[in-house]
Amino acid sequence: MKINKIILSFISALAILLSTSVTSFAKVVGDKIILGSAISLTGKYSSNGVHTQNGYNMAVDRINSMGGVKVGGKTYKFEIIYYDDESNPKRAAQLAERLISQDGVEFMLGPYSSGLTKAIAPVTEKYGVPMVEANGASRSLFTKGYKYLFAVLAPANLYLDVAIRTAVELNGGKGVRIAQAFEQDAFSQDVRLGILDAAKETGSEIIIDDKLPKELNDMAATLVKVKQMKPDVLVVSGHTKGALTAVRQIAEMKVDVPMLAMTHCDAAKLSKQHGKNSQYSLCASQWHKTLTYKDDFFKDGMTYAADFTKEFGYDPPYQAAESSAALLVFKDAFERANSFDQKKVRDALAATNMQTFYGNIKFAPGGQNVDKPMVLFQVMCDDAGKCENKVVAPLKWASAELIHPIPKWSKR
Amino acid sequence: MDFMVFQYPMISVQACLDGVLLGILFALIAYGMALQWGVMNIINIAQGDLVILGGYIAYFMYLYGIHPAWGVIVAPIIMYFVGVGLYKLVINKVVDRDLFISILATFGISILFMQLMNFAFGADVVLANSGYGTTFLFDSAVVLPNSKIFSAFISILFAICLVIYMKKSKLGRAIRATAQNARAAKILGVDTEKVYAATFGINAALCGVAGALISITFTIHPYMGLPYTIRSFMIVIVAGLGNLPGVALSGMGLGVFEEFADYILGTEFRIGAVFLLLVLILVYRRFKLSRKREYLK
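Residues numbered from 1 in each chain as written. Chains lettered and ligands numbered in written order. Predicted model: local features only at pLDDT ≥ 70, side-chain atom pairs only at ≥ 80, totals over all residues.

Undergrad: A description of the overall build of chain A should follow, citing residues and the corresponding values.
TA: Broken down by element type, chain A carries twelve helices and 18 strands. When its C-alpha atoms are laid out on the principal axes, chain A stretches across 80 × 55 × 45 Å. Contacts spanning at least 24 positions in sequence make up 68% of the contacts within chain A whose residues lie at least 6 apart. (Helix = DSSP H or I, 4+ residues; strand = E, 2+ residues; numbered from the N terminus. Contact = placed C-beta atoms within 7 Å.)

Undergrad: I'd love a proper account of the overall build of chain B, names of residues and values included.
TA: Secondary structure summary: chain B contains 13 helices and two strands in total. Taking 2.2 N^0.38 as the reference for a compact globule, 297 residues should give roughly 19 Å; the C-alpha atoms of chain B span a radius of gyration of 19 Å, in line with that estimate. Dimensions of chain B, computed from the C-alpha atoms along their principal axes, are close to 60 × 50 × 35 Å. By residue count, 51% of the 297 residues in chain B fall in the buried class. If you take every contact in chain B between residues at least 6 apart in sequence, the share linking residues at least 24 apart comes to 78%. (Rg over C-alpha atoms; globule rule 2.2 N^0.38 Å. Buried ≥ 20, exposed ≤ 12 C-beta atoms within 10 Å, placed from the backbone.)

Undergrad: Give me the nonpolar core: which residues, what numbers.
TA: L28(B), V209(B) and V236(B) are the most contacted members of the largest nonpolar core, which totals 222 residues. Of the residues forming this core, the biggest block, 19 residues, is contributed by helix α2 (residues 9-40) of chain B. Each of domain 1 (24-154 + 291-362) and domain 2 (158-285 + 374-411) of chain A contributes no fewer than three residues to this core. For L28(B), the contacting residues outside a window of four places in its chain are S155(B), F158(B), A159(B), L206(B), V209(B) and A210(B). (Core = buried A, V, L, I, M, F, W, Y, C linked by C-beta atoms within 7 Å. Domains from an automatic or database assignment.)

Undergrad: Let's hear about the pairing of strand β15 (residues 353-356) of chain A: which residues, and what values?
TA: When a strand is regular, its side chains alternate between the sheet's two faces. Residue and element names in this part refer to chain A. In this sheet, strand β16 (residues 359-362) lies alongside β15 in antiparallel orientation, the contact comprising four bridges. Along β16, the bridge assignment pairs Q355 with N360. Hairpin geometry of β15 and β16 is characterised by an intervening segment of two residues between the two adjacent antiparallel strands. (Pairing = 2+ DSSP bridges.)

Undergrad: Summarise the domain arrangement of chain A; cite the residues concerned and give the values.
TA: Residue and element names in this part refer to chain A. What the domain assignment reports for chain A is domain 1 (24-154 + 291-362) and domain 2 (158-285 + 374-411). When each unit is reduced to the centre of its C-alpha atoms, the spacing between domain 1 and domain 2 is 30 Å. Residue-level contacts link 13 residues of domain 1 with eleven residues of domain 2. Among the elements of the structure, α4 (114-127) and α11 (318-337) are those that each provide at least two residues to the side of domain 1 that touches domain 2.

Undergrad: Outline the interface of chain B and chain A, supporting the account with residue identities and numerical values.
TA: Opposite the 30 residues of chain B that make contact, chain A presents 31 residues. Broken down by secondary-structure element, the contributors of at least two residues to the side of chain B that touches chain A are α2, α5 (99-121), β2 (142-145), α11 (244-265) and α12 (270-285) of chain B. Considered class by class, the residues forming the side of chain B that touches chain A number 15 nonpolar, nine polar and six charged. (Nonpolar A, V, L, I, M, F, W, Y, C, P; charged D, E, K, R; others polar.)

Undergrad: Account for helix α7 (residues 220-229) of chain A, with residues named and values stated.
TA: Residue and element names in this part refer to chain A. Burial of α7 is extensive: eight of the ten residues sit out of reach of the surface. For α7, the full list of buried residues reads A220, A221, T222, L223, V224, K225, V226 and K227. Positive phi appears at K230, one or two residues downstream of α7, with a value of about 50°.

Undergrad: Provide a residue-level description of the pairing of strand β17 (residues 375-381) of chain A, including the pertinent values.
TA: Residues and elements named next belong to chain A. Counting buried positions along β17 yields five of seven residues, so the element is predominantly enclosed. Taken together, the four bridges between strand β12 (residues 282-285) and β17 define a ladder with antiparallel strand orientation. Bridge pairing in β17 places C283 opposite F377. Hairpin connection between β17 and strand β18 (residues 387-393): a loop of five residues separates the two successive antiparallel strands, and G385 in this loop has a positive phi of roughly 90°.

Undergrad: Go over the environment of V379(A), please, and point to the residues and values.
TA: All names here are of chain A. As for its placement among the helices and strands, V379 is situated in strand β17. Between the C-alpha atom of V379 and that of S281, which follows or precedes it by 98 residues, the distance is 5.6 Å. With residues up to four places along the chain from it excluded, the contact list for V379 reads L270, S271, S278, Q279, Y280, S281, C387 and N389.

Undergrad: Report on unusual backbone geometry, specifying residues and quantitative values.
TA: Look at the link from A393(A) to P394(A): it is a cis peptide, with omega at -10°. The omega torsion across H404(A) and P405(A) is -10°, close enough to zero to call that bond cis. Positive phi values are uncommon outside glycine, yet N41(B) reaches one of about 55°. Here N41(B) shows up in the loop between α2 and α3 (47-63).

Undergrad: I'd like to hear about the confidence of the model for chain A, residue by residue, with values.
TA: On average, chain A scores 87 in pLDDT, and the residues at 70 or more come to 93%. Scored below 50 in pLDDT, residues 19-25 of chain A makes seven contacts in the model with residues more than four places away or belonging to other chains. (pLDDT = per-residue confidence, 0-100.)

Undergrad: Quick one: what's the story with the environment of A325(A), residue by residue and with numbers?
TA: Residues and elements named next belong to chain A. Tracing the backbone through its elements, the reader meets A325 in helix α11. Residue classification places A325 among the buried positions, given that 31 C-beta atoms sit within 10 Å. Between the C-alpha atom of A325 and that of V152, which follows or precedes it by 173 residues, the distance is 7.2 Å. The contacts of A325, once residues within four sequence positions are left out, are A134, V152, T356, Y358 and I361.

Undergrad: Give me α3(B): which residues, what numbers.
TA: Residues and elements named next belong to chain B. The end-to-end C-alpha distance of α3, which contains 17 residues, comes to 25 Å, matching closely the 24 Å that a straight helix rising 1.5 Å per residue would cover. In terms of burial, α3 is a largely internal element, 15 of the 17 residues being buried. Backbone geometry just after α3 places G65 at a positive phi near 85°. (Expected span 1.5 Å × (residues − 1).)

Undergrad: Could you give an account of the sheet that holds strand β8 (residues 177-183) of chain A, naming the residues involved and the relevant values?
TA: Residue and element names in this part refer to chain A. Reading across from one edge, β9-β8-β10-β11-β12-β17-β18 is the order of the seven strands in this open sheet, with mixed pairing throughout. Taken across any chain shown, the strands that pair with only one partner, and hence form the sheet edges, are β9 (205-212) and β18. On average, each strand axis in the sheet is tilted by 25° relative to the strand beside it, whichever way the strands run. Judged from the two bridges that link them, strand β11 (residues 259-262) and β12 form a sheet pairing that is parallel. From the neighbouring strand, A261 faces β12, where its bridge partner is L282. In the packing of helix α6 (residues 186-202) onto the sheet, contacts are made with β8, β9 and β10 (233-237), and the angle to β8 comes to roughly 165°. (Axes fitted to C-alpha atoms, helices over the stretch in contact; angles between N-to-C directions.)

Undergrad: Explain the environment of A46(B) to me, and be specific about the residues and the numbers.
TA: All names here are of chain B. Relative to the elements of secondary structure, A46 occurs in the loop between α2 and α3. In this structure, the C-alpha to C-alpha distance between A46 and F107, residues 61 residues apart in sequence, is 6.2 Å. Here A46 is in contact with T106, I109, S110 and F113, once residues within four sequence places are set aside.

Undergrad: Give a detailed account of the packing of helix α5 (residues 161-170) of chain A against α6(A), specifying residues and quantitative values.
TA: Angle between the axes and distance between the axes: these two values describe a pair of packed helices. All names here are of chain A. The N-to-C vectors of α5 and α6 enclose an angle of 25°; their axes lie 8 Å apart at closest approach. Judged by the inter-axis angle, α5 sits roughly parallel to α6. In the crossing of α5 with α6, the sense of the turn from one axis to the other is right-handed. Residues D161, I164, R165 and V168 of α5 touch α6, and the partners they reach there are G194, I195, A198, A199 and T202. The residue inventory of the contact of α5 with α6, partitioned by class, reads five nonpolar, two polar and two charged. (Parallel < 35°, antiparallel > 145°, perpendicular 65-115°, else oblique. Left-handed = near helix turned anticlockwise from the far one by under 90°.)

Undergrad: Kindly report on the packing of α3(B) against α5(B), identifying the contributing residues and their values.
TA: All names here are of chain B. For the pair α3 and α5, the least separation of the axes is 10 Å and the interaxial angle reads 20°. Judged by the angle between their axes, α3 and α5 are roughly parallel. In this structure, α3 crosses over α5, and the sense of that crossing is left-handed. Touching D49, I52, L53 and Y56 of α3 are S110, F113, M114, M117 and F121, all from α5. Of the residues that constitute the contact of α3 with α5, the class distribution is seven nonpolar, one polar and one charged.

What follows is the structure in structure tokens.
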């Protein structure tokens with residue numbers, strides 16, 4: 001009897017809890033605009049997931065403390081409901097369903113990574129929920145004709161495009177010989193497609209085209225081929241493990257290559273983990289703190305970096321910066337739409353044309369940001385072994401001159 | 001398909017040497033697996049995760065300014081106790097059950113370890129730099145990172161020590177006796193419970209050494225354990241349980257096979273080739289292992 005009572009009271013407590021939580025989570029409650037996001041707090045993307053969340057939270061606090069969002073003469077504050085997607089696409093799609101159909105969220109922020117964004121986009125599209133995402137760069141996200149998906153970042157195929165063009169330019173406009181190694185995931189393969197396009201347009205030749213496995217921790221075979229074939233440019237994209245493995249093994253095997261271009265160097269903390277061995281590596285980045293874009297909330301990149309470091313205790317990687325920018329885009333769109341109608345907000349998002357500390361934002365019909373070029377930075381170290389990332393391309397934003405070709409190992 | 005490896009003979013030499021050095025390291029992990037498989041009849045799916053945990057020990061030493069090579073001494077000591085603890089908590093409950101139960105249990109441990117490591121150390125890929133430099137052979141046509149040579153050397157050293165320990169020490173003899181016939185050993189006064197715990201501890205310690213070496217030569221990440229489990233499993237089924245030279249040889253063979261698969265099929269099929277080989281060998285051996293129990297000699 002007693003146990004029955006306990007179970008009964010437990011169930012009724014649960015029911016009360018559920019009923020209150022359902023009613024309290026709706027799109028706009030009182031003076032709150034509630035956004036939803038499935039984010040990787042555990043699992044293999046958890047470090048970048050946390051960067052994303054920190055970026056979102058920082059922007060929410062900043063916007064709220066600086067007057068919030070003004071819609072219809074009333075001031076609203078942002079609030080975000082997070083769920084942990086465990087770095088799992090299936091889970092992310094379920095959580096998107098739950099956020100929308102159970103919690104009543106009507107506006108979404110993106111998850112971390114192209115793969116998870118791909119899993120969520122069909123759900124938000126189905127319900128007509130506008131989603132501003134900051135961490136899904138795969139080209140295929142923008143070719144499906146999604147109407148409610150907006151990405152503040154440049155698509156993946158542009159990541160290393162500028163590296164190839166720079167190499168061709170330094171080669172006197174003649175094509176270069178490219179060696180490339182890409183992981184077999186959606187993002188890296190898109191980066192690869194971008195390189196293929198750039199090679200075609202510049203008359204460059206691809207002499208090594210290797211694919212890397214998910215469990216990548218040894219790419220000696222590719223590097224031996226590079227030693228043998230002596231390409232002008234070596235391009236590697238395999239998330240953080242690709243960047244770390246490449247630099248370690250290039251240094252150990254003393255592979256001389258005039259240009260080394262990679263992705264995910266700052267997420268890999270390349271210069272911190274490898275010190276001087278990482279010197280001269282070129283890295284594609286969505287953002288760098290020295291860029292001189294400005295906005296009213298974070299002022300500029302340097303101020304953002306300083307504020308972020310103060311709050312979270314580490315230098316913001318670009319994943320955090322672009323996530324913060326996503327909130328600025330939402331605020332701007334709500335105010336221009338002057339309404340919480342999803343369709344009106346969607347149209348306002350599509351008409352976005354603004355500058356943030358992170359860069360200019362203007363969406364193409366596919367949803368990708370076409371107004372912000374990628375930047376390339378080069379790892380540069382002083383004699384004491386202290387390394388810094390300095391923007392070297394495009395020239396407009398360069399804070400240091402590109403060192404090319406990379407000095408041979410025998411001379412370092 | 002790419003046959004460059006055969007066009008340039010030096011690349012073949014490079015592949016062979018890389019493979020042998022790598023294979024010796026695999027053999028060390030496999031030896032641990034063979035040991036506890038032979039003694040306790042348990043296939044440890046969490047083998048690779050123990051390796052990665054050992055790697056993190058070396059990595060944290062490196063973070064605090066200690067040279068990661070010391071990890072090969074510290075990691076096995078810590079991992080020994082982790083292994084004994086794991087035995088007392090979980091393994092002792094499945095040790096007399098059939099193989100399937102032990103696979104399930106260790107599979108669970110593997111998932112738990114992955115998540116705990118991810119939780120405790122983060123999902124970043126990390127590595128420890130040894131600063132050991134490079135050896136050039138054949139007019140610098142072949143390059144061998146000294147870290148790989150160091151790994152192979154340490155692995156051999158540990159394997160030799162273990163063999164001697166198993167032959168000479170009291171516990172070593174008790175372990176071998178238990179492997180041959182646990183019941184008889186028990187009747188003759190061997191505390192098999194203690195032997196099992198020690199065996200699992202020794203296995204974990206070997207994994208710790210291997211992990212420290214991997215953090216110096218490659219990279220570590222909480223979810224990178226499984227390929228090491230698969231490799232050691234494969235080496236053990238090729239070599240058999242009681243055959244240490246066999247384990248070393250098949251380890252090196254697997255290393256060389258992987259390197260050549262890497263050159264010919266491409267890096268993306270490297271692990272795939274290992275899995276394929278595993279299937280082929282299992283079919284070839286027609287699951288002999290399940291019918292005939294082999295002993296650790």
